[in-house]
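# Geometric and topological summary
These are the residues of each chain, in order.
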Amino acid sequence: MKIAVVGASGRMGQMLVRQIARTEGVTLAAASERPGSKALGKDAGELAGLEPNGVLIGDDSAASIRAADCVIDFTVPEATVAHAKVASENGVAMVIGTTGLDPIQTKLIQDAAKKVPIMWAANMALGVNILLALVEKTASLLDPSYDIEVLEMHHRHKIDAPSGTALALGRAAAAGRKVQLEEVWRKSRDGHTGARPTGEIGFATLRGGEEVGVHTVYFAAAGERLELNHRSFSRETYAAGAVTSAKWLDGRKPGLYGMKDVLGL
């Protein structure tokens, strides 16, 4: 399978290049970056700390996508939507790890998935996806007297909050309670907020240092508290999940898939 990596000079991009190099059955077909990037013209393998692989980083993402069987995208919402359009028009499968898309952008991804297979997940680590299943199950077992709070911490460079994984955990909890997350969420608290409403699902966001990702879901009642927690120590787990997903998409019908599908959860 020929894979293109967009955003190839970023931390995740370099990790993806390394993961592709060590994975059987896949090869790096193309790599791109935004116009004006200092990485343009550099060898993608060498930039990622490997031996030169002959794939030079260019600024034409559309050409990179057309050269591949699947494109992996961990960029920003605006770029991801544009890349999905190109992929859908050229029959190229897509793996998306971008978070922070608004409803309109989400609809555009869903439209693209009508033409090509797309795997889109807020987090591609195996442990996180098991956590999602556990949160949904736990929420279904506990009544609304258990307050649900989602705490997340990421590195200081992260641009969206709450994280996509935190929101996915909130959606899992809401699904367990058979409610819509948007009807019960509280994304922030400041000032005189009053007592916490029963059934609310709250979020707390921390940013600092180089923390890869910490997520904790609290189920708190009057006499006890249950905590479900996951911590990532390396982006390697995300890269491995993305490349595994790319291979899984080979031969799939058009549609929007998630890590539950890839992992068979």
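For the structure, see preceding data.
Just so we're clear, the structure is a prediction, and the values are computed from it rather than from any experiment. (Residues numbered from 1 in each chain as written. Predicted model: local features only at pLDDT ≥ 70, side-chain atom pairs only at ≥ 80, totals over all residues. Heavy atoms only, no water.)

For the rest of this paragraph, the subject is helix α7 (residues 164-177). An α-helical segment advances 3.6 residues per turn. Residues three or four places apart therefore align on the same side. For α7, spanning 14 residues, the distance from its first C-alpha to its last is 20 Å, which sits close to the expected 20 Å at 1.5 Å a residue. Counted residue by residue, α7 has eleven buried out of 14 residues, so it is predominantly covered. Against α6 (126-141), β7 (147-154), α8 (181-184), β8 (185-186), β9 (201-207) and β10 (213-220) lie the buried residues of α7. A positive phi of about 60° marks K178, the residue just after α7. (Helix = DSSP H or I, 4+ residues; strand = E, 2+ residues; numbered from the N terminus. Expected span 1.5 Å × (residues − 1). Buried < 20%, exposed > 50% of the residue type's maximum accessible area, 1.4 Å probe, protein only. Contact = heavy atoms within 4.5 Å.)

Take the pairing of β7 next. Along any regular strand the residues' side chains alternate between the sheet's two faces. Pairing of β7 with β10, which is carried by seven bridges, proceeds in the antiparallel orientation. Pairing of D147 across the sheet is with A220, part of β10. Strand direction decides the pairing type here: β7 and β9, joined by seven bridges, are parallel. Each residue of the ladder has a partner; that of L151, found in β9, is A204. (Pairing = 2+ DSSP bridges.)

Our next topic: the sheet that holds strand β11 (residues 225-232). Pairing is mixed in the open sheet, where five strands are placed in the order β8-β9-β7-β10-β11. Strands at the two margins of the open sheet, each flanked by one partner only, are β8 and β11.

Strands sit in the order β3-β2-β1-β4-β5-β6-β12 across an open sheet of seven strands; the sheet is parallel. On the outer flanks of this sheet lie β3 (57-58) and β12 (255-257), each paired with one strand and no other. Here strand β1 (residues 2-6) pairs with strand β4 (residues 70-73) via four bridges, running parallel. The residue bridging V6 from the neighbouring strand is D73, located in β4.

Once that is clear, we can look at the packing of α6 against α7. Relative orientation of the contacting elements α6 and α7 amounts to 30°, with a least axis distance of 6 Å. With respect to their mutual orientation, α6 and α7 come out roughly parallel. Note that α6 runs across α7; the crossing there is right-handed. In this structure, α6 uses V128, L131, L132, V135, E136, A139 and S140 to contact α7, whose residues at the interface are T165, A168, L169, A172, A173, A175, G176 and R177. Residue classes in the contact of α6 with α7 are distributed as ten nonpolar, three polar and two charged. (Axes fitted to C-alpha atoms, helices over the stretch in contact; angles between N-to-C directions. Parallel < 35°, antiparallel > 145°, perpendicular 65-115°, else oblique. Left-handed = near helix turned anticlockwise from the far one by under 90°. Nonpolar A, V, L, I, M, F, W, Y, C, P; charged D, E, K, R; others polar.)

Mapped onto the secondary structure, S64 falls in helix α3 (residues 61-66). Every residue in contact with S64, bar those within four places of it in the chain, is listed here: A4, A30, A31 and S32.

A separate point is the packing of aromatic side chains. Scanning all chains against the criterion turns up one aromatic pair. Considering the side-chain rings of W248 and Y257, the 5.1 Å spacing of their centres and the 80° angle between planes classify their relative orientation as edge-to-face. For W248, a relative accessible area of 17% puts it in the buried group. It is K187 that lies over the ring of W185; its NZ or CZ is 4.0 Å from the centre. R252 extends its terminal NZ or CZ atom over the ring of W248, reaching a point 3.8 Å from the ring centre. (Phe/Tyr/Trp six-rings, centres within 6.5 Å; stacked < 30°, edge-to-face > 60°. Lys NZ or Arg CZ within 6 Å of the ring centre and 35° of its normal.)

Residues L16, I72, V95, M119 and L249 are the most contacted members of the largest nonpolar core, which totals 36 residues. Excluding anything up to four places from it in sequence, L249 contacts C70, A93, M94, V95, P117, I118, M119 and Y257. (Core = buried A, V, L, I, M, F, W, Y, C linked by side-chain atoms within 4.5 Å.)

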